[in-house]
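Examination of the molecular architecture
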Amino acid sequence: MLHLIDILLQSINLSTIWCLVFVSEFTLTYHPFFFFVAMESKQGTKHTILMVSDFFYPNFGGVENHIYLLSQCLIKLGHKVIVMTHAYSNRTGVRYMTNGLKVYYVPWKPFLMQNTLPTFFPTLPIIRTILIREKITLIHGHQAFSTLCHEALMHARTMNYKVVFTDHSLYGFADIGSIHMNKILQFTLADVTQAICVSHTSKENTVLRSGLPPEKVFVIPNAVDTTMFKPASERVVMDVIVIVVISRLVYRKGADLLVEVIPEICRLYPNVRFVIGGDGPKRVRLEEMREKHFLQDRVDMLGAVPHAKVRSVLNSGHIFLNSSLTEAFCIAILEAASCGLLTVSTCVGGVPEVLPDDMIVLAKPDPSDMVNAIKKAIKILPTIDPQEMHLRIKGMYSWQDVAKRTEIVYNRALNSSNQSLLERLSRYLTCGAWAGKLFCLVMIVDYILWRLLQMWQPDTEVEVVPDIKISRTNHVTEVHPSM
Amino acid sequence: MENNNNQRKWRKVAYGGMQPGFNDNHTDETFLQEMVMNANVVKRDILKVMLDSLSISQYLSIVSLVVLIWTHTLNSTITHTSLLILDITLLASGFFILLLTAKMLSFSLLINYSIKISFFTTSLYVLSPIYHTLTRSISSDSIWALTTSLIIIHLFLHDYSGSTIKAPGALETNPTLASNISLNASIVASLLIASRLPSRVLVFAVILFSLQVFLFAPLVTYCVKKYSLRLHVGLSVVVMGVSLGCVYELHRVMFVVLLAVLGFVNVVCPYWLIRIQEYKFEINGPWDEAKLCFNITD
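Right, let's walk through the structure included here.

Cut-offs applied
All chains use their own residue numbering, which begins from 1 and follows the written sequence. Here the convention is simple: chains get letters from A, ligands get numbers from 1, in the order in which they are written. Where local features are concerned, this predicted model is filtered to residues with pLDDT of at least 70; where side-chain atom pairs are given and counted, the filter is 80 or more; whole-chain, interface and lining totals use all residues. Side-chain measures were taken over the full set of non-hydrogen atoms in the model, leaving aside hydrogen atoms and water. The helix count covers DSSP runs of H or I at least four residues long, the strand count covers runs of E at least two residues long, and both are numbered beginning at the N terminus. Partly exposed residues are those whose accessible area sits between 20% and 50% of the maximum for their type, while under 20% is buried and over 50% is exposed, using a 1.4 Å probe and protein chains only. Here, two residues are considered to be in contact whenever any of their heavy atoms come within 4.5 Å of each other. Exposure was quantified through the Shrake-Rupley algorithm and a 1.4 Å probe, taking into account, for residues, occlusion by the shown protein chains and nothing else. Take the accessible area each of two parts loses on contact, using a 1.4 Å probe, and add the two losses: that sum is the buried area. Put simply, a salt bridge is a Lys or Arg side-chain nitrogen that is within 4 Å of an Asp or Glu carboxyl oxygen. Pairs of N or O atoms within 3.5 Å make up the polar contacts considered here, provided that, within protein, one atom can donate a hydrogen while the other can accept it, and that residues adjacent in sequence are counted only when both atoms are side-chain atoms. Lys, Arg, Asp and Glu make up the charged group, whereas Ala, Val, Leu, Ile, Met, Phe, Trp, Tyr, Cys and Pro make up the nonpolar group; the residues left over, Gly among them, are polar. At least two bridges found by DSSP between two strands are what make those strands a pair. For helices, the fitted line uses only the C-alpha atoms of the stretch in contact; every axis is such a line through C-alpha atoms, and the angle between N-to-C directions lies from 0 to 180 degrees. Crossover handedness is defined here as right-handed if the route from the first strand over the helix to the second strand goes clockwise, with the strands pointing away from the viewer. Two kinds of site are reported from a 1 Å grid over the protein atoms alone, namely cavities, where a 1.4 Å probe fits but cannot get out, and pockets, open sets with protein on both sides within 12 Å along at least five of seven lines, and residues are called lining when an atom falls within 4 Å of a point. Grid points are joined across faces, edges and corners, and a volume is the space filled by probe spheres set on the points. Residue types Ala, Val, Leu, Ile, Met, Phe, Trp, Tyr and Cys, when buried and joined through side-chain atoms within 4.5 Å, form a set referred to as a nonpolar core.

Further remarks concern the overall build of chain A. Counting its secondary structure elements, chain A contains 16 helices and 18 strands. Each of the 483 residues in chain A was classed as buried or not, and the buried ones make up 53%. Across chain A, every contact between residues at least 6 apart in sequence was considered, and the portion connecting residues at least 24 apart equals 73%. Carbon and sulfur atoms provide 63% of the accessible area of chain A, an area that totals close to 22,200 Å².

Structure follows, in structure tokens:
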């Protein structure tokens with residue numbers, strides 16, 4: 001008897017478990033906050049864009065931020081945006097971010113400075129699958145250092161997709177490293193449909209490096225999230241002037257210039273204090289300088305500042321000092337200006353294009369000239385109104401504007417004529433006596449591999465992902481990474 | 001656009017959104033205006049380049065002299081007494097030249113040097129039995145092949161513009177990795193050769209000789225060059241003449257090879273360098289990384 005009851009109980013248990021499974025599947029599919037609706041085919045000029053770069057969250061930096069915010073604004077304009085990047089430690093597979101931004105973390109491990117190993121062909125199958133699954137219409141690659149971006153653009157061109165490339169950095173022409181990088185860039189850009197640069201200086205640089213016709217290169221600067229970088233509601237008292245520096249403390253960011261400039265300014269103005277946020281190999285030199293000149297109480301070293309705290313650090317100061325030796329655009333000075341700080345910066349790269357002359361004091365990258373610039377900044381500081389400056393920046397830069405301008409580039413890319421393999425190969429051939437033939441060979445091999453893949457698994461057999469439409473509630477107005 | 005409403009002129013700025021009337025890919029005549037080509041190109045004079053290349057051929061001759069001495073010892077045409085006398089003369093003349101040319105050489109420094117050298121010599125003498133039997137189990141062919149390749153590495157990586165061993169009181173940058181590798185290659189080469197010799201005294205004498213040359217000859221020639229250019233030219237010509245003469249007596253084919261190498265280094269290479277200058281294409285512009293105008297002292 002007891003035995004029988006036991007069996008009965010067990011069967012009940014089993015059935016409840018099955019019930020639970022069904023219920024959970026049901027709630028997953030028809031969750032009240034996520035409406036998975038298969039959409040009809042695309043109408044009008046709405047695109048499905050694949051953003052490709054090695055650099056994306058959880059890594060943090062200018063490029064990552066750019067991709068994220070641009071994607072968010074493009075989604076708001078009605079496009080579908082998908083991001084593809086490599087796996088970050090155990091973060092692999094598909095993830096969703098704010099507003100249904102889908103991110104593919106391709107299981108491809110980085111080997112150096114968040115870059116994947118350059119392997120040319122093994123990424124073809126997965127990239128092809130993603131392109132077909134998501135019904136991608138256009139591929140947008142970011143950053144010249146990213147090998148994943150180069151490979152994706154190459155495969156996409158092989159598969160006759162239109163591609164757009166954004167270059168975020170400047171490169172010289174002198175050393176072996178840059179010669180190598182420039183050749184790779186030339187390879188990718190030889191067949192790119194349109195290119196985007198973040199400043200006019202960057203455009204000149206890219207045109208020289210890649211040999212693209214200048215009219216194919218668009219200048220669309222970065223922007224700043226003005227809702228995130230606001231001045232403090234009441235101004236910090238002016239008895240003590242606080243100069244803020246936020247940058248990685250490395251050679252390229254001019255940490256050595258700071259070592260020369262800070263003691264001189266502290267000697268000239270007893271009421272000036274420095275706040276230095278950031279970490280890096282040059283931090284030791286700055287600390288040495290601080291001890292040598294007995295400035296422990298006047299130079300604050302904060303160490304690395306998380307992005308969420310940048311605003312509060314900026315708002316504790318009056319002047320922002322940027323000492324970079326090279327810079328394609330410099331988002332940091334934009335963030336500082338958005339917080340109402342007067343900026344003093346070295347006049348390098350694209351920096352002079354970023355702000356109007358009355359919001360920035362430029363100096364040559366030389367200690368005495370920078371000291372003079374800071375003197376001038378301290379003199380004009382009382383005339384600066386942070387709130388007014390914030391409003392002006394708000395009128396000059398917004399990510400929505402960037403997205404709209406990028407949309408124009410997309411439309412242009414999609415309207416450009418299709419080209420056959422032979423036409424494209426002839427373009428590669430002009431890249432150099434040896435390199436041109438090598439590039440052609442790589443492209444031919446890629447083409448053959450693509451054809452083989454198509455025979456092995458025809459396009460029609462790749463399952464297409466149903467489109468997801470996330471219910472838009474009104475509170476989604478600010479764009480923030482929700483990690 | 002704040003103050004430019006009346007004149008619709010394109011400006012090279014990134015702020016203010018898309019400029020009215022112009023697309024984002026607008027390119028005007030200011031494009032690449034700030035590009036500078038071949039700004040740092042130096043016009044070279046063929047005579048000066050030839051004079052500069054003289055120090056390379058001088059060192060080549062010095063090394064060929066060392067190899068000559070090695071072959072003579074291996075052929076037993078030099079006795080150990082004459083080799084030791086040669087060692088002592090070289091050491092003395094090297095010191096003499098350093099004394100003449102250097103300005104910061106004091107008496108205490110000299111004493112310091114002689115103590116160090118005597119320590120070095122003694123330990124070398126004590127160790128020479130080990131060197132004597134070092135490569136006994138290896139065939140002579142492989143030793144010769146290894147030595148030749150080491151000497152070639154040495155010559156390729158040698159720092160011809162300065163000296164790996166620093167002059168006393170000289171405030172210069174640290175020697176590069178390449179010059180260190182070169183120096184070590186030469187030392188290994190001399191140890192290998194010495195290990196094939198029949199007696200311990202010979203081993204000692206040959207190692208001492210080759211170390212003296214490889215370690216101090218660059219220093220001495222560097223000091224001479226800094227002291228007077230004429231003396232440098234004279235010394236180079238004498239060394240080249242002596243080495244050519246000695247090689248001629250030993251081996252005719254080697255003489256031709258050496259002559260060809262010296263001619264290539266001294267005449268063909270300078271001419272070549274001047275000729276390829278016209279292909280120089282250097283681009284500079286606002287995108288370049290700024291150079292700091294002061295020295296970073298870590």
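To continue, consider the interface of chain B and chain A. Counting residues at the interface gives 32 residues for chain B and 44 residues for chain A. Summed over both sides, the interface of chain B with chain A buries roughly 3,200 Å², with 61% coming from carbon and sulfur. For the pair chain B and chain A, the number of links is three salt bridges. Measuring nitrogen to oxygen at the nearest pair gives 2.8 Å for the salt bridge that ties A:R405 to B:D24. Scanning the region where chain B abuts chain A turns up 15 residue pairs in polar contact (both at pLDDT 80 or more). Its residues placed into classes, the side of chain B that touches chain A shows 16 nonpolar, eight polar and eight charged.

The subject of this paragraph is the sheet that holds strand 10 (residues 194–197) of chain A. Residue and element names in this part refer to chain A. Taken in spatial order, the eight strands of this open sheet run 4-5-3-2-8-9-10-11, and their pairing is mixed. Each end of this open sheet is capped by a strand with a single partner; those strands are strand 4 (93–97) and strand 11 (217–219). Looking at each pair of strands side by side, their axes are set apart by 25° on average, direction ignored. For strand 3 (residues 80–86) and strand 5 (residues 101–106), the ladder comprises five bridges, and the chain directions are parallel. Considered in strand 5, the bridge of H86 is made with V106.

Next up on the list: the sheet that holds strand 15 (residues 319–322) of chain A. Residues and elements named next belong to chain A. Read from one edge of the open sheet, six strands run 14-13-12-15-16-17, paired in parallel fashion. The open sheet has two free edges, formed respectively by strand 14 (299–303) and strand 17 (360–363), since each of these has just one partner strand. Averaged over all adjacent pairs, the angle separating strand axes in this sheet is 20°, with direction ignored. Pairing geometry for strand 12 (residues 241–246) and strand 15, over two bridges, is parallel. Residue pairing for strand 15: I243 is matched across the bridge by I319. Those strands touched by helix 8 (residues 283–292) are strand 13 (272–277) and strand 14, and its axis lies near 155° from that of strand 14. Each of strand 15, strand 16 (342–346) and strand 17 is contacted by helix 10 (residues 331–338), which is oriented at about 175° to strand 15, the strand it contacts most.

Before going further, it helps to examine the pairing of strand 9 (residues 162–167) of chain A. Residue and element names in this part refer to chain A. In terms of burial, strand 9 is a largely internal element, six of the six residues being buried. Taking every second residue as pointing to the same face, both faces of strand 9 are buried, with K162, V164 and T166 on one and V163, F165 and D167 on the other. Taken together, strand 8 (residues 138–142), helix 4 (residues 147–158) and strand 9 constitute a β-α-β crossover, and its handedness is right-handed. Pairing analysis gives four bridges linking strand 9 to strand 10, with the strands arranged parallel. Opposite T166, over in strand 10, you have I196 as the bridge partner. Taken together, strand 9, helix 5 (residues 176–189) and strand 10 constitute a β-α-β crossover, and its handedness is right-handed.

So, on to the environment of A:F187. All names here are of chain A. Residue placement: F187 occurs in helix 5. Judged by relative accessible area, which is 8%, F187 ranks as buried. Considering only alpha carbons, one finds F187 and Q419, 232 residues apart in sequence, at a separation of 17 Å. Beyond its immediate sequence surroundings of up to four residues, F187 is in contact with M154, Y428, F439, V442 and M443.

Here the focus is the pattern of salt bridges. Under the defined criterion, the tally for this structure stands at 21 salt bridges over all chains. A salt bridge links A:R424 to A:D191; the shortest N-O distance between them is 2.6 Å. Placement of the pair is A:R424 in helix 15 (residues 421–429) and A:D191 in the loop between helix 5 and strand 10, with a sequence separation of 233 residues. The class for A:D191 is buried, based on a relative accessible area of 1%. The salt bridge involving B:K48 is made with B:D52; its shortest N-O contact spans 3.4 Å. Of the two residues, B:K48 and B:D52 are both situated in helix 1 (residues 46–74); the distance of four residues between them amounts to about one turn of the helix.

Below, the discussion takes up unusual backbone geometry. Note the cis peptide between A:Y57 and A:P58, where omega equals 10°. Topologically, A:P58 is positioned in the loop between strand 2 (48–52) and helix 2 (62–76). Positioned with a positive phi, A:N160 is a non-glycine residue whose angle comes to about 65°. Relative to the helices and strands, A:N160 is located in the loop between helix 4 and strand 9. Positive phi, normally seen in glycine, also occurs at B:L32, with a value near 60°. Within the element layout of this structure, B:L32 appears in the segment before strand 1 (36–37).

Residues and elements named next belong to chain B. If you add up the space inside the second largest pocket, you get close to 1,100 Å³. Lining of the second largest pocket is provided by 38 residues; of these, L90, Q212, V213, F216 and A217 occupy positions nearest its centre. Mapped by element, the contributors of at least two residues to the lining of the second largest pocket are helix 1, helix 2 (80–101), helix 3 (107–132), helix 6 (200–227) and helix 7 (229–250). By residue class, the composition of the lining of the second largest pocket is 29 nonpolar, six polar and three charged.

A few words on the nonpolar core. Formed by 107 residues in total, the largest nonpolar core has its most connected members in A:F56, A:I262, A:L314 and A:Y397. With eight residues, the single largest contributor to this core is helix 2 of chain A. Apart from the residues lying within four places of it in its own chain, the contact partners of A:I262 are A:F274, A:I276, A:L286, A:M289, A:L295 and A:V299. Counting 45 residues, the second largest nonpolar core, distinct from the first, contains B:Y59, B:W70, B:L83 and B:F204.

Here we take up the pairing of strand 16 of chain A. Residues and elements named next belong to chain A. Most of strand 16 is tucked away: five of the five residues are buried. Side chains of strand 16 alternate between two faces, with L342, V344 and T346 and T343 and S345 buried alike. Pairing between strand 15 and strand 16: four bridges, direction parallel. In the sheet register, L321 faces strand 16, and the bridge partner there is V344. Traced from strand 15 through helix 10 to strand 16, the parallel crossover comes out right-handed. Direction of pairing for strand 16 relative to strand 17: parallel, over a ladder of four bridges. Looking across to strand 17, one finds that T346 is bridged to A363.

Keep in mind these numbers describe shape, not what the thing actually does.
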